[in-house]
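Residue-level structural notes
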Amino acid sequence: MSIRLTPHRFFAANPVGVDWVCGDLHGEFEALQAALSDAGFNKAADRLFLLGDTIDRGPESKALLEWVLATDWVYSVIGNHELMFIAGAEDNLNRYKHRGIGGDWAASLDETSYKRVGRQT
């Protein structure tokens, strides 16, 4: 795999808002949005840190992944599901392995989209 990953990144405490942490969303985009709303998440001041396994198994993996990549106050570490998705963008064998751990949703992506999103992840 030719993708370069950032092994560590430091974040200072949020001086104007709350830092929220969430893990293992597994494609549950609507559930995340509802939880953020219920908790009073402030998009202008708060930050959301995702601890991996953001995609796969759930019904909205593509929408959740695209939202994470496009939202500047969301930061995510790479879990095994994201790593297999990225590897699948580089190699078809890994694409089949990814499907085996819940990544069937990625089969709906055309080749160009798969590689584009895989490189952004």
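Above: the structure in question.
Presented here is a report on the structure given in the accompanying data block. Everything quoted here is computed from the prediction, not taken from an experiment.

**Some details on a nonpolar patch on the surface**
Together, Val 21, Leu 51 and Val 77 make up a nonpolar patch on the protein surface, roughly 280 Å² of accessible area in all. Tracing the sequence through the fold places Val 77 in the loop between strand 3 (74-76) and helix 3 (80-90).

**Brief notes about the nonpolar core**
Counting 12 residues, the largest nonpolar core consists of Leu 25, Phe 29, Leu 32, Leu 36, Phe 41, Leu 48, Leu 50, Leu 64, Trp 67, Val 68, Trp 73 and Val 74. At the level of elements, helix 1 (29-39), strand 2 (47-50) and helix 2 (61-70) are the ones that each hand at least two residues to this core. In this view, Val 68 contacts Leu 50, Thr 54, Val 74 and Ser 76; residues no more than four positions away in its chain are not counted. Residues Ile 55, Ala 89, Tyr 114 and Val 117 belong to the second largest nonpolar core, which totals 9 residues.

**A word on the side chain of His 26**
Looking at the element boundaries, His 26 is found in the loop between strand 1 (19-22) and helix 1. Judged by relative accessible area, His 26 falls into the buried class, the value being 12%. Those residues in contact with His 26, other than ones at most four positions away along the chain, are Asp 53, Thr 54, Ile 55, Asp 56, Arg 57, Gly 58 and His 81.

**Notes on helix 2**
Within helix 2, the full set of buried residues consists of Ser 61, Leu 64, Leu 65, Trp 67 and Val 68. Down the axis of helix 2, the buried set is contained in an arc of 165 degrees. They therefore lie on one face. On its buried face, helix 2 sits against helix 1, strand 2, strand 3, helix 3 and helix 5 (111-120).

**Here's the deal with unusual backbone geometry**
Not every positive phi belongs to a glycine, and Asp 53 is a case in point at roughly 55 degrees. Within the secondary structure layout, Asp 53 lies in the loop between strand 2 and helix 2. Judged by relative accessible area, which is 13%, Asp 53 ranks as buried. We note that Asp 56 has phi near 80 degrees; this positive angle belongs to a residue other than glycine. Of note, Asp 56 is situated in the loop between strand 2 and helix 2.

Rules behind the numbers
- Residues numbered from 1 in each chain as written.
- Predicted model: local features only at pLDDT ≥ 70, side-chain atom pairs only at ≥ 80, totals over all residues.
- Heavy atoms only, no water.
- Patch = residues over 30% accessible without salt bridge, like charges linked within 9 Å, V, L, I, M, F, W, Y side chains within 5 Å.
- Areas by Shrake-Rupley, 256 points an atom, 1.4 Å probe, with all protein chains shown as cover.
- Salt bridge = Lys/Arg side-chain N within 4 Å of Asp/Glu carboxyl O.
- Helix = DSSP H or I, 4+ residues; strand = E, 2+ residues; numbered from the N terminus.
- Core = buried A, V, L, I, M, F, W, Y, C linked by side-chain atoms within 4.5 Å.
- Buried < 20%, exposed > 50% of the residue type's maximum accessible area, 1.4 Å probe, protein only.
- Contact = heavy atoms within 4.5 Å.
- Arc of directions from axis to C-beta.

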